[in-house]
Amino acid sequence: MVYIDDINAQEVLDSRGNPTIKATALLSDGSIASAIVPSGASTGKREALELRDGDERFLGKGVLKACENVQTKIAEEIIGLSPYDQATIDNLLITLDGTENFSNLGANATLGVSMAVARVAAQSLNIPLYRYLGGANALTLPVPMLNIINGGSHADNTVDFQEYMIMPIGFDSFSEAMRASAEIYQHLKKILKDSKHITSIGDEGGFAPNLKNNEEPIQVILEAVKKAGYKEGEQIAIALDVASSEFVNDKGIYCLKGENRELCAEELIEYYEKLIAKYPIVSIEDGLSEDDWSGWEKLTQKLGHKVQLVGDDLFVTNAKILAQGINKNIANAVLIKPNQIGTISQTMQTIRLAQRNRYACIMSHRSGESEDSFIADFAVALNTGEIKTGSTARSERMAKYNRLLAIESELSSPVYLGKQLFK
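Residues numbered from 1 in each chain as written. Predicted model: local features only at pLDDT ≥ 70, side-chain atom pairs only at ≥ 80, totals over all residues. Heavy atoms only, no water.

## Considerations on the overall build of the chain
- The helix and strand inventory of the chain stands at 13 helices and 15 strands.
- In terms of overall size, the chain behaves like a compact globule, its C-alpha atoms giving a radius of gyration of 21 Å where 423 residues would be expected to give roughly 22 Å.
- For the chain, the C-alpha atoms occupy an extent of roughly 60 × 50 × 45 Å along the three principal directions.
- By sequence separation, contacts in the chain at least 24 residues apart represent 71% of the contacts at least 6 residues apart.
- Counting 42 positive and 56 negative side-chain charges, the chain places the centres of these two groups 6 Å from one another. (Helix = DSSP H or I, 4+ residues; strand = E, 2+ residues; numbered from the N terminus. Rg over C-alpha atoms; globule rule 2.2 N^0.38 Å. Contact = heavy atoms within 4.5 Å. Lys, Arg positive; Asp, Glu negative; His and termini not counted. Charge placed at Lys NZ, Arg CZ, Asp CG, Glu CD.)

## Topic: the pattern of salt bridges
- Counted according to the given criterion, the structure contains 27 salt bridges.
- One salt bridge connects R57 with E11, and the closest N-O pair in it is separated by 2.6 Å. Residue R57 is located in the loop between β3 (32-36) and α1 (64-78), and its partner E11 is located in strand β1 (residues 4-13); the two are separated by 46 residues in the primary sequence.
- Of the residues examined, R57 reaches a relative accessible area of 27% and is grouped as partly exposed.
- R179 is the partner of E183 in a salt bridge, and the nearest nitrogen-oxygen pair spans 2.8 Å. With E183 and R179 both in helix α5 (residues 174-194), this residue pair falls four residues apart, about one helical turn. (Salt bridge = Lys/Arg side-chain N within 4 Å of Asp/Glu carboxyl O. Buried < 20%, exposed > 50% of the residue type's maximum accessible area, 1.4 Å probe, protein only.)

## Focus: the domain arrangement of the chain
- Under the domain assignment, the chain is made up of domain 1 (4-126) and domain 2 (140-421).
- Here the C-alpha centroids of domain 1 and domain 2 sit 27 Å apart.
- Roughly 2,600 Å² is buried in total at the junction of domain 1 and domain 2, and carbon and sulfur atoms are behind 47% of that figure.
- For the pair domain 1 and domain 2, the interface holds six salt bridges.
- Of the charged contacts, one joins K45 and D291 as a salt bridge, the two residues approaching to 2.8 Å between their closest N and O atoms.
- Along the contact surface separating domain 1 from domain 2 lie 21 residue pairs in polar contact (both at pLDDT 80 or more).
- The set of elements that each furnish at least two residues to the side of domain 1 that touches domain 2 consists of β3, α2 (86-97) and α3 (107-124).
- With seven residues, the single largest contributor to the side of domain 1 that touches domain 2 is α3.
- Grouping the amino acids of the side of domain 1 that touches domain 2 by side-chain chemistry returns 14 nonpolar, ten polar and eight charged. (Domains from an automatic or database assignment. Buried area = accessible area lost by both parts, 1.4 Å probe. Polar contact = N/O pair within 3.5 Å; in protein donor to acceptor, adjacent residues only side chain to side chain. Nonpolar A, V, L, I, M, F, W, Y, C, P; charged D, E, K, R; others polar.)

## Digging into the sheet that holds strand β11 (residues 308-311)
- The strand order β5-β6-β7-β10-β11-β12-β13-β14 describes a closed barrel built from eight strands, whose pairing is mixed. Looking at each pair of strands side by side, their axes are set apart by 30 degrees on average, direction ignored.
- Here strand β6 (residues 163-168) pairs with strand β7 (residues 236-241) via six bridges, running antiparallel. Within the sheet, the bridge partner assigned to I166 lies in β7 and is I238.
- Here helix α6 (residues 216-227) sits on the sheet and contacts β5 (143-150), β6, β7 and β10 (281-285); the angle it forms with β7, its principal contact strand, is near 155 degrees. (Pairing = 2+ DSSP bridges. Axes fitted to C-alpha atoms, helices over the stretch in contact; angles between N-to-C directions.)

## Regarding the packing of aromatic side chains
- Scanning the entire structure with this criterion turns up ten aromatic pairs.
- Both rings, one in Y185 and one in F207, keep their centres 4.6 Å apart while their planes meet at 15 degrees; by these two values the pair is stacked. One end of the pair, Y185, is in helix α5; the other, F207, is in the loop between α5 and α6, with 22 residues separating them in the sequence. Both residues of the pair, Y185 and F207, belong to the buried class.
- Ring geometry for F247 versus Y254: centroids 6.2 Å apart, planes at 75 degrees, classification edge-to-face.
- Classification of F247 by relative accessible area gives buried; the value is 9%.
- You can call Y254 buried: its relative accessible area is 1%.
- Through a chain of ring-to-ring contacts, the aromatic side chains of F161, Y164, F247, Y254, Y271 and Y272 assemble into a single cluster. (Phe/Tyr/Trp six-rings, centres within 6.5 Å; stacked < 30°, edge-to-face > 60°.)

Listed below in structure tokens is the structure:
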């Protein structure tokens with residue numbers, strides 16, 4: 001019987017130069033695999049806890065305590081167990097921590113172990129990770145959401161909305177979609193440069209220019225789409241991550257500082273409605289704050305039949321919270337971030353709950369990433385149909401896209417939803 005022979009962790013650096021955990025699992029058959037845990041900047045208050053040291057190292061952001069938890073408390077419990085029973089391993093992690101949000105062990109510790117065990121099990125069986133987690137039905141290459149203009153907490157500029165993304169929906173393959181996206185990105189860079197805008201990039205590889213309002217980024221992107229030779233709406237759609245929890249005040253007023261405007265929920269919904277009527281917007285993420293559930297009900301009633309309404313801070317990949325949203329008919333899609341919940345099994349439960357209730361699922365990176373491409377395999381394994389992992393720049397983002405290109409070449413009959421996604 002193959003069993004877990006050792007589990008350890010070390011402190012490594014993410015794409016922002018902050019510490020994170022790299023967990024490594026070793027099996028009795030000699031198989032060894034590692035996983036690196038990402039970290040978010042814009043985080044929901046109900047996310048699982050990312051354990052940091054809080055001392056003088058790395059401005060308090062060290063993760064040596066979490067690493068120690070992996071090598072002592074967690075290792076003592078899972079060494080000797082079969083690596084092929086992911087649910088048993090993950091349930092043990094949940095029980096061992098004993099809290100709702102992994103505040104004892106740290107979700108960065110538990111997720112690192114959960115990911116490493118899944119990856120080493122796949123390696124031991126000599127099958128791809130997507131096949132191990134998804135079985136024979138893992139066939140769908142996700143439509144990417146490429147964040148090509150950054151604002152909000154992801155950039156130091158005057159734009160309030162956090163992400164302006166393109167979605168290459170009018171293509172027959174993932175590789176064709178990526179080619180179009182890369183070409184649009186390069187045209188966008190030239191347009192910004194010719195207009196004397198700074199072309200430095202934000203955390204996720206998108207440009208972060210100072211534009212006059214929250215609408216101008218859409219206009220500039222559509223200009224790039226046209227110059228690249230593609231058709232807006234038909235081939236390339238727009239998706240927004242508003243991240244409104246970042247600019248709502250204690251009174252529930254949404255403060256658009258870039259436009260010097262203050263809007264109530266109903267006014268912000270009207271603002272979105274005008275944008276949707278004017279531009280080929282197909283998805284809006286976190287359109288209202290995570291605490292504004294009454295506003296979300298109104299938003300869903302008003303726009304849920306027109307666009308994809310994605311809950312990120314709202315649901316934090318938590319099946320219990322998502323179930324409440326489903327019961328209240330709030331949103332129609334959920335962003336999937338494994339480190340928001342703490343284990344692979346819990347993430348899968350949330351995805352399956354969403355899919356059973358016809359909520360779309362978008363597999364997602366975090367703004368603090370690494371070369372680890374786990375979520376690329378995970379998106380294919382669970383047939384999420386969409387993935388959000390940054391622009392066509394920065395190697396930690398390209399690692400996911402390049403892994404998906406490799407998976408596409410491996411599959412005998414890969415499916416790319418593209419044109420069917422929003423029909």
